[in-house]
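Report on the structure
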Amino acid sequence: MAYSDKVVDHYNNPRNVGTLDKASPEVGTGLVGAPECGDVMRLQIRVNPDTQIIEEAKFKTFGCGSAIASSSLATEWVKGRTVDDALAIKNTDIVKELSLPPVKIHCSVLAEDAIRAAIGDWKKKNATAEPAEAAAAAQ
Amino acid sequence: MSITIESHIEVPEGVHLPVYMDNQATSPLDPRVLEAMMPYLTGKFGNAASRNHSFGWEAEQAVESAREQIARLIGASAKEIVFTSGATESDNLAIKGVAEMYRERGNHIITQVTEHKAVLDTCKRLEKYGYRVTYLPVKADGLIDLEDLERAITDKTILVTIMAANNEIGVLQPIREIGQICHQKGVLFHTDAVQSAGKVPFNVIADNVDLASLSGHKIYGPKGVGALYVRRRNPRVQIAAQIDGGGHERGMRSGTLNVPGIVGMGKACQIAQTEMVEEAARLSVLRDRLKAKFESELDYVHVNGSMEHRLPGNLNMSFVYVEGESLLMGINDVAVSSGSACTSATLEPSYVLKALGLGDDVAHSSIRFGLGRFNTEAEVDYVAAKVIDIVKKLRQLSPLYEMVQDGIDLTKIEWQAH
């Protein structure tokens, strides 16, 4: 299969590879896919609690070149956006940017899922943290 | 962390890129084969079925000489060789031809799960026509259990079709013993010998084979030509023709013979017969060298299928926690193949690897290295260095590898399959 230049570039030079501290309240982690399906993406974001802006994004992916490129691109796109803005990223945007062929569309879907899962994780952490803080403040 | 996947392994002197190491898919034409074919691609264009002029005689003579060369390689007689367009046709002709011819004797066929699709899909079609097919399982090493075979044979069984060597994992089935069981029970035995003939000793008499499929292009001959061995004595095997027409090949396969292709296949068989022992020894050394390099430099690698009963030129390895297609992308100047779903049209990982009981995740990580006549030690060293480099880098990128390093049991995670 011939890959687009952008897929090749993300594969050869993946952006934002790495791991953030999963335990940190500022960090949201999304782990999507399954080894038996041939792709697993882990996308992590670090959100500034005051601005809600995603200041840092890291990923690691087990998967084909298109899966690696989709998740690499996803980290680039979420960085600098607010959490709500990042949720607006659609898999079709990724397909378009990377010129993914039809058989690789599931890679972009997985990348969108990874963004949502990471944000969801961060929201969950912070939703439980806030009332607790409020309760603590009230005492 | 910033990483670059792109590899900059130095290319040793004498290695020309891209390196071809996919000889179980197809093999390059041996220059000696081309030389033998050339006259029949140029001046000697006669139809081997033309009985009344020298053009026809010349072609017929060339075909008969090739028939001899092919028969000699497998211990058959020339009259037992039927030319076809390739091994897929040979498999179809053998299985459908026997099924049709022996329909009154029974309707049961036995095969096994890691056969080539040319056998499996032919069997599936016969099931639609009322035949019953038993698909024997394989053990973790890829071999069938002979006791399973014995138990599966009934008084309705007319044919057992089991490959000599597997195209993905190179595993050699115990065909001699299989043939013996078949003959004791009066059942015909067909073997797809495409990967084994010319690579390892294969003799239709000693191995108790009644029908054998052969291909030209897996043994450094041309594509578009194959043969089917059909035993004429003890027992005399009859097959119903599947292609009707001018009654060529003693009525078993009509169609004008592909003279240059047949000449090439004959020459390829002759070369294989002369050079097989030496070539097999050389390829085993290269294959073991490649394997040893992977095993010494990388963790979590394993060989798929038996190392003991295996083609000399085949190595099928899983580089666990790295997906096969992404690995192929990183070694794009090396031609190998992967059992990963992402490399297949169906998005399903290799059914052969799954049949060994490997998890889909291991199948997704597999690479088949197919060493052949023209591969060199320098190429092996280059390929090993390149694969090792890319696997190490992709593992830095692999969440699974990181989790395993952290002591997480991946089987305990609730993955969301998609």
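Below you will find a few notes about this structure. (Residues numbered from 1 in each chain as written. Chains lettered and ligands numbered in written order. Predicted model: local features only at pLDDT ≥ 70, side-chain atom pairs only at ≥ 80, totals over all residues. Heavy atoms only, no water.)

1. Description of the overall build of chain B
Within chain B, the regular secondary structure consists of twelve helices and 13 strands. Its C-alpha atoms put chain B at 75 × 50 × 35 Å along the principal axes. Within chain B, buried positions represent 59% of all 418 residues. In chain B, of all internal contacts separated by at least 6 residues, the share reaching a separation of at least 24 is 72%. Roughly 17,200 Å² of accessible area belongs to chain B as shown, and the carbon and sulfur atoms make up 51% of that amount. Charge centroids of chain B, computed over 43 positive and 53 negative side chains, lie 7 Å from each other. (Helix = DSSP H or I, 4+ residues; strand = E, 2+ residues; numbered from the N terminus. Buried < 20%, exposed > 50% of the residue type's maximum accessible area, 1.4 Å probe, protein only. Contact = heavy atoms within 4.5 Å. Areas by Shrake-Rupley, 256 points an atom, 1.4 Å probe, with all protein chains shown as cover. Lys, Arg positive; Asp, Glu negative; His and termini not counted. Charge placed at Lys NZ, Arg CZ, Asp CG, Glu CD.)

2. Things to note about the overall build of chain A
For chain A, the count of helices and strands is five helices and three strands. For chain A, the N- to C-terminal ordering of α and β elements is α-β-β-β-α-α-α-α. Taken over C-alpha atoms, the radius of gyration comes to 16 Å for chain A, in line with the 14 Å a tight globule of 139 residues would show. With respect to the principal axes defined by its C-alpha atoms, chain A has extents near 65 × 30 × 20 Å. Counting over 139 residues, chain A shows a buried share of 50%. Pairs at least 24 apart in sequence give 63% of the contacts found in chain A among residues at least 6 apart. Element-wise, carbon and sulfur atoms account for 53% of the exposed surface of chain A, whose accessible area totals about 5,900 Å². Charged side chains of chain A number 16 positive and 19 negative; the gap between the two group centres comes to 3 Å. (Rg over C-alpha atoms; globule rule 2.2 N^0.38 Å.)

3. Details of helix α1 (residues 5-12) of chain A
Of the positions making up α1 of chain A, those classed as buried are Val7, His10, Tyr11 and Asn12 of chain A. Looking at the buried residues of α1 of chain A, the elements they touch are α2 (65-78) and α4 (91-98) of chain A together with α8 (324-330) and α11 (377-396) of chain B.

4. Comments concerning the interface of chain B and chain A
Facing the 31 residues of chain B at the interface are 34 residues of chain A. Between chain B and chain A the total buried area reaches about 2,900 Å² when both faces are included, carbon and sulfur atoms providing 64% of it. Counting every contact that joins chain B to chain A gives three salt bridges. Between glutamate 325 of chain B and lysine 104 of chain A there is a salt bridge whose closest N-O contact spans 2.7 Å. Across the contact surface, chain B and chain A share 14 residue pairs in polar contact (both at pLDDT 80 or more). For the side of chain B that touches chain A, the elements supplying multiple residues, two or more each, are α8, α10 (360-363), α11 and α12 (399-405) of chain B. (Buried area = accessible area lost by both parts, 1.4 Å probe. Salt bridge = Lys/Arg side-chain N within 4 Å of Asp/Glu carboxyl O. Polar contact = N/O pair within 3.5 Å; in protein donor to acceptor, adjacent residues only side chain to side chain.)

5. Remarks on the sheet that holds strand β8 (residues 226-230) of chain B
Residue and element names in this part refer to chain B. With mixed pairing, seven strands are arranged side by side in an open sheet as β2-β8-β7-β6-β5-β3-β4. The open sheet is flanked by β2 (81-84) and β4 (132-136), the only strands paired with a single partner. Strand-to-strand, the axes of this sheet are offset by a mean angle of 20°, without reference to chain direction. As paired strands, strand β3 (residues 108-112) and strand β5 (residues 157-161) are joined by three bridges and run parallel to one another. (Pairing = 2+ DSSP bridges. Axes fitted to C-alpha atoms, helices over the stretch in contact; angles between N-to-C directions.)

6. Looking at the nonpolar core
Judged by nonpolar contacts, the single largest core of 68 residues is most densely connected at Ile45 of chain A together with Phe294, Phe319 and Phe369 of chain B. Looking at this core, the element that brings in the most residues is α11 of chain B, giving nine residues. Those residues within four positions of phenylalanine 294 of chain B in sequence are excluded, and the remaining contacts are Val301, Leu315, Met317, Phe319, Phe369, Ala384, Val387 and Ile388 of chain B. With 60 residues, the next largest nonpolar core counts Ala152, Val171, Ala197 and Leu257 of chain B among its residues. (Core = buried A, V, L, I, M, F, W, Y, C linked by side-chain atoms within 4.5 Å.)

7. Thoughts on the sheet that holds strand β3 (residues 54-62) of chain A
Residues and elements named next belong to chain A. The three strands are arranged β1-β2-β3 in an open sheet whose pairing can be described as antiparallel. Looking at the sheet topology across the chains shown, the edges are occupied by β1 (27-34) and β3. Taking each pair of neighbouring strands and ignoring which way they run, the sheet shows an average axis angle of 10°. Across the sheet, α2 touches β2 (39-47) and β3, and the angle it forms with β3 is around 175°.

8. Quick notes on the packing of helix α7 (residues 259-297) of chain B against α11 of chain B
All names here are of chain B. Packing of α7 against α11 leaves a shortest axis separation of 10 Å and a crossing angle of 25°. The pairing of α7 with α11 is recorded here as roughly parallel in orientation. Crossing handedness for the pair α7 and α11: right-handed. Across from Leu286, Arg289, Leu290, Lys293, Phe294 and Glu297 in α7, the residues of α11 making contact are Glu377, Val380, Asp381, Val383, Ala384, Val387, Ile388 and Lys392. Looking at side-chain class alone, the contact of α7 with α11 contains eight nonpolar, no polar and six charged residues. (Parallel < 35°, antiparallel > 145°, perpendicular 65-115°, else oblique. Left-handed = near helix turned anticlockwise from the far one by under 90°. Nonpolar A, V, L, I, M, F, W, Y, C, P; charged D, E, K, R; others polar.)

9. Topic: the environment of lysine 124 of chain A
You can see lysine 124 of chain A is positioned in helix α5 (residues 105-138). In this structure, the C-alpha to C-alpha distance between lysine 124 of chain A and threonine 29 of chain A, residues 95 residues apart in sequence, is 11 Å.

10. Here we look at the environment of valine 383 of chain B
Residues and elements named next belong to chain B. Relative to the elements of secondary structure, valine 383 occurs in helix α11. Distance from valine 383 to histidine 116, taken between C-alpha atoms, is 27 Å for residues 267 residues apart in sequence. The residues touching valine 383, leaving out its near neighbours within four places in the chain, are Val19, Met21, Leu290, Val334 and Phe369.

11. Observations concerning the pattern of salt bridges
Counted under the stated rule, the structure contains 35 salt bridges over all chains. Notably, a salt bridge pairs glutamate 26 of chain A with arginine 46 of chain A, separated by 3.7 Å at the nearest N-O pair. One end of the pair, glutamate 26 of chain A, is in the loop between α1 and β1; the other, arginine 46 of chain A, is in strand β2, with 20 residues separating them in the sequence. When its relative accessible area of 30% is taken as the criterion, glutamate 26 of chain A is described as partly exposed. Each of the salt bridges in this network shares a partner with another, and the network as a whole consists of Asp30, Arg32, Glu275, Glu279 and Arg373 of chain B.

12. A few points about the packing of aromatic side chains
Residues and elements named next belong to chain B. Scanning all chains against the criterion turns up eight aromatic pairs over all chains. Ring geometry for phenylalanine 294 against phenylalanine 369: centres 5.3 Å apart, planes inclined by 35°, an arrangement best described as tilted. Taken together, the residues phenylalanine 294 in helix α7 and phenylalanine 369 in strand β13 (residues 366-370) connect sequence positions 75 residues apart. The same class applies to phenylalanine 294 as to phenylalanine 369, namely buried. Seen in terms of ring centroids, phenylalanine 319 and phenylalanine 369 are 6.4 Å apart; in terms of plane orientation they differ by 80°. Their pairing is edge-to-face. Here phenylalanine 369 lies in strand β13 and phenylalanine 319 lies in strand β10 (residues 314-319), a separation of 50 residues in the sequence. A residue is classified by how much of its surface remains accessible, and phenylalanine 369, at 0% relative accessible area, is buried. The structure contains a cluster of three or more aromatic residues connected by ring pairs, namely Phe294, Phe319 and Phe369. The ring of tyrosine 131 has arginine 103 lying over it, and the distance from NZ or CZ to the ring centre is 4.9 Å. For the cation-ring pair, lysine 117 lies above tyrosine 351, with the distance from its terminal atom to the ring centre recorded as 4.3 Å. (Phe/Tyr/Trp six-rings, centres within 6.5 Å; stacked < 30°, edge-to-face > 60°. Lys NZ or Arg CZ within 6 Å of the ring centre and 35° of its normal.)

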